[in-house]
Amino acid sequence: QVQLVESGGGLVQAGGSLRLSCAASKSIFAINVMGWYRQAPGKQRELVARIISGSSPNYADSVKGRFTISRDNAKNTVYLQMNSLKPEDTAAYYCNAQAYLGGFVYWGQGTQVTVSS
């Protein structure tokens, strides 16, 4: 069992930046996919960015060029750097981890990001 704890959310003006962090309770060396999802009120949860071991990161079209995902295996942490934030980026952001061996999927509790216009 891996616990994920997000941090770094908050209130920011449009055009500003935030960096989200997701700390895992155990080594993420065996985690094949780590990603960030978000869910706005009344909307479905959507993929924002993910990083698959050995592959280039994937991004939602809406955040390409503005968000950057990275992982630090030594710190068991994945980050989401968010620049040029827009009001439509307002949502609860969730960290996700997937391990192919065993088919495990883990979720964090979420961190709120609010972008004011």
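Since the structure is predicted, the reported quantities are computational estimates derived from the model, not experimental observations.

Enquirer: Account for the sheet that holds strand E3 (residues 18–24), naming residues and giving values.
Expert: Taken in spatial order, the four strands make up an open sheet running E1-E3-E8-E7, and their pairing is antiparallel. Across the chains shown, the open sheet's two edge strands, defined by having one partner strand only, are strand E1 (4–7) and strand E7 (67–72). Averaged over all adjacent pairs, the angle separating strand axes in this sheet is 15°, with direction ignored. Bridge count for E1 against E3 is four bridges, and the pairing is antiparallel. Bridge pairing links Glu6 to Cys22 in E3.

Enquirer: Can you tell me about the nonpolar core, naming the residues and giving the values?
Expert: Leu4, Met34, Trp36, Leu80, Met82 and Tyr93 are the most contacted members of the largest nonpolar core, which totals 31 residues. Only E3, strand E4 (33–39), strand E5 (46–52), E7, strand E8 (77–82), strand E9 (91–99) and strand E11 (111–116) provide two or more residues apiece to this core. Of all the elements, E9 adds the most residues to this core, at five residues.

Enquirer: Run through the pairing of E3, naming residues and quoting values.
Expert: Buried residues dominate E3, accounting for five of its seven residues. Examined bridge by bridge, E3 and E8 share six bridges and lie antiparallel to one another. Across the sheet, the residue bridging to Leu18 is Met82, located in E8.

Enquirer: Describe unusual backbone geometry, naming the residues involved and giving the relevant values.
Expert: Positive phi, close to 55°, is recorded for Asn76, a residue that is not glycine. Examined against the element boundaries, Asn76 turns out to sit in the loop between E7 and E8. Unlike most non-glycine residues, Ser84 shows phi in positive territory, near 50°. Looking at where Ser84 falls in the secondary structure, it is placed in the loop between E8 and E9.

What counts, and where the lines are drawn
Residues numbered from 1 in each chain as written. Predicted model: local features only at pLDDT ≥ 70, side-chain atom pairs only at ≥ 80, totals over all residues. Heavy atoms only, no water. Pairing = 2+ DSSP bridges. Helix = DSSP H or I, 4+ residues; strand = E, 2+ residues; numbered from the N terminus. Axes fitted to C-alpha atoms, helices over the stretch in contact; angles between N-to-C directions. Core = buried A, V, L, I, M, F, W, Y, C linked by side-chain atoms within 4.5 Å. Buried < 20%, exposed > 50% of the residue type's maximum accessible area, 1.4 Å probe, protein only.

Purely geometric numbers; function is a separate question.
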